[in-house]
Structures are given as C-alpha cells and as structure tokens.
Amino acid sequence: MSFRVVLAALALACCASASLSQGAEIAFGALAHDQTLPVEVTADRLTVDQADGTAIFTGGVLVGQGDMRLSAREVLVVYAAGAEESGRIARMEASGQVVLALGAEAAEADKAVYSIDDGTIVMTGSVLLTQGQSAISGERLVVHLDSGTGTMEGRVRTVLQPGGTR
C-alpha cells in the first residue's frame, strides 16, 4: 500500500479535519535551508546538451543538498547563463513521483521546480505535505527555503493532530 493511500485513509478516518478553498500559509521550521551548499545528483543516465546549457538525469534520480533530499524519475538541470566555467545551476525541474524531504517534513507531487538563486521550490500536481503526524494537501506548494515558510494553494485540505496529553 502506498504512503499516499495510507495518509488518505488516515485523513478520512480522522474527525479533526478542515477543508480550505483558498491558500494556506505554512510554517516549515525545518525547511529553512542553505541553498549555497553543493548539489549532488545520482541517476541511471545523464544526457547533456551544450547548445542550450541543460542536463537531463533519468532513472531513479536522487538529488542531495545538505540535509535536503529530492527523488524523481527525471530531473532537468538548467545552468545559469555563462556558467560554462563555473557550472552554476540556475534551476532544477523534477518530474515523475517527486518526493522532497528535509528533517521530519516531506512533500510529494507530480512536478517540482527548484530555483536555486531565489531559494524557492514550487511543487505542483496532487501535492501532499506531511509534518510529523499532520498532513496537508493541495495543487500547488511554494516553499521559501531562506525563511522556512510556504503557501499551499488549490483546494487545500488538512488533517490537524491535537497536541498534548491529559
């Protein structure tokens, strides 16, 4: 049974749920991240196009930067203009069963675009974010890595787990 199915069943079984039609601001805490760290990519295949300054990693792609991990079926790396000497990456576009993990928080989506200079990750298509025992879903998640904040948009649904013991 997939992780997404288990979370969906848990969400339906829990009576403490809320459904929001507008965007929801989310505090990420653990998602504050240093985007200047080196990026390591592992994949089954790499195709480089010198003409347009891109590289495509396919097959079980794993991307790591510090404590942040991203996995996907395919990742397109777009190098910054004039990056022939430096190899500086402008953005990474992941597609196919995208999973982003940092600390105790994880997000799944169909696609993700990591703009390194901006320090943002935009995840789209059936987004599911888990924070400990809480879960929130929507169609678009924007994460600001420098501040550790984000916004979930598109028929947002969340399951809140009350804290504390009696």
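Describing the overall build of the protein chain
Piece 1. A count of helices and strands for the protein chain gives 1 helix and 12 strands.
Piece 2. When the helices and strands of the protein chain are placed in sequence order, the string is α-β-β-β-β-β-β-β-β-β-β-β-β.
Piece 3. Across the 166 residues of the protein chain, 37% fall into the buried class.
Piece 4. Here the analysis covers contacts within the protein chain between residues at least 6 apart in sequence; of these, 45% occur between residues at least 24 apart.
Piece 5. Just so you have it, the protein chain exposes about 9300 Å², and 54% of that area is on carbon and sulfur atoms.

Let's talk about the side chain of Glu 105
Piece 1. Secondary-structure assignment places Glu 105 in strand S8 (residues 105–115).
Piece 2. Here Glu 105 occupies a buried position and makes no salt bridge, while the nearest side chain of opposite charge, Arg 69, is found at 15 Å.
Piece 3. Side-chain polar atoms of Glu 105 contact the side chain of Gln 131, separated by 3.2 Å.

Notes on the nonpolar core
Piece 1. Grouped together as the largest cluster of nonpolar side chains are 30 residues, with contacts concentrated most on Leu 70, Val 75, Met 92, Ile 121 and Met 123.
Piece 2. Broken down by secondary-structure element, the contributors of at least two residues to this core are strand S5 (54–65), strand S6 (68–79), strand S7 (89–102), S8, strand S9 (120–131) and strand S10 (134–144).
Piece 3. Here this core takes 6 residues from S7, the largest share from any one element.
Piece 4. Excluding anything up to four places from it in sequence, Met 92 contacts Val 39, Val 41, Val 63, Val 75, Leu 76, Val 77, Ala 112, Val 113, Tyr 114 and Ile 116.

A few points about unusual backbone geometry
Piece 1. The phi angle at Ser 126 is positive, at roughly 50 degrees, despite the residue not being glycine.
Piece 2. Within the element layout of this structure, Ser 126 appears in strand S9.
Piece 3. Backbone geometry places Arg 155, a non-glycine residue, at a positive phi of 50 degrees.
Piece 4. Examined against the element boundaries, Arg 155 turns out to sit in the loop between strand S11 (149–153) and strand S12 (156–159).

A short note on the pattern of salt bridges
Piece 1. Applying the stated criterion across every chain yields a total of 3 salt bridges.
Piece 2. Residues Arg 88 and Asp 117 are paired through a salt bridge, measuring 2.9 Å at the closest nitrogen-oxygen approach. One end of the pair, Arg 88, is in the loop between S6 and S7; the other, Asp 117, is in the loop between S8 and S9, with 29 residues separating them in the sequence.
Piece 3. With relative accessibility at 40%, the residue Arg 88 sits in the partly exposed group.
Piece 4. Here Arg 91 and Glu 93 are joined by a salt bridge, their closest N and O atoms 2.6 Å apart.
Piece 5. With relative accessibility at 32%, the residue Arg 91 sits in the partly exposed group.
Piece 6. For Glu 93, a relative accessible area of 26% corresponds to the partly exposed category.

A short note on the pairing of S5
Piece 1. One ladder, built from 3 bridges, connects strand S3 (residues 40–42) with S5; its direction is antiparallel. Within the sheet, the bridge partner assigned to Val 41 lies in S5 and is Val 63.
Piece 2. Bridging between S5 and S6 involves 10 bridges; their strand directions are antiparallel. Bridge pairing in S6 places Val 61 opposite Ala 72.

A few points about the confidence of the model for the protein chain
Piece 1. Across the protein chain, the average pLDDT comes to 78, with 72% of residues at 70 or higher.
Piece 2. Taken as a whole, residues 1–23 scores under 50 in pLDDT and shows 31 contacts with residues more than four places along the chain or in a different chain.

Quick notes on the rules
- Residues numbered from 1 in each chain as written.
- Predicted model: local features only at pLDDT ≥ 70, side-chain atom pairs only at ≥ 80, totals over all residues.
- Heavy atoms only, no water.
- Helix = DSSP H or I, 4+ residues; strand = E, 2+ residues; numbered from the N terminus.
- Buried < 20%, exposed > 50% of the residue type's maximum accessible area, 1.4 Å probe, protein only.
- Contact = heavy atoms within 4.5 Å.
- Areas by Shrake-Rupley, 256 points an atom, 1.4 Å probe, with all protein chains shown as cover.
- Lys, Arg positive; Asp, Glu negative; His and termini not counted.
- Salt bridge = Lys/Arg side-chain N within 4 Å of Asp/Glu carboxyl O.
- Polar contact = N/O pair within 3.5 Å; in protein donor to acceptor, adjacent residues only side chain to side chain.
- Core = buried A, V, L, I, M, F, W, Y, C linked by side-chain atoms within 4.5 Å.
- Pairing = 2+ DSSP bridges.
- pLDDT = per-residue confidence, 0-100.

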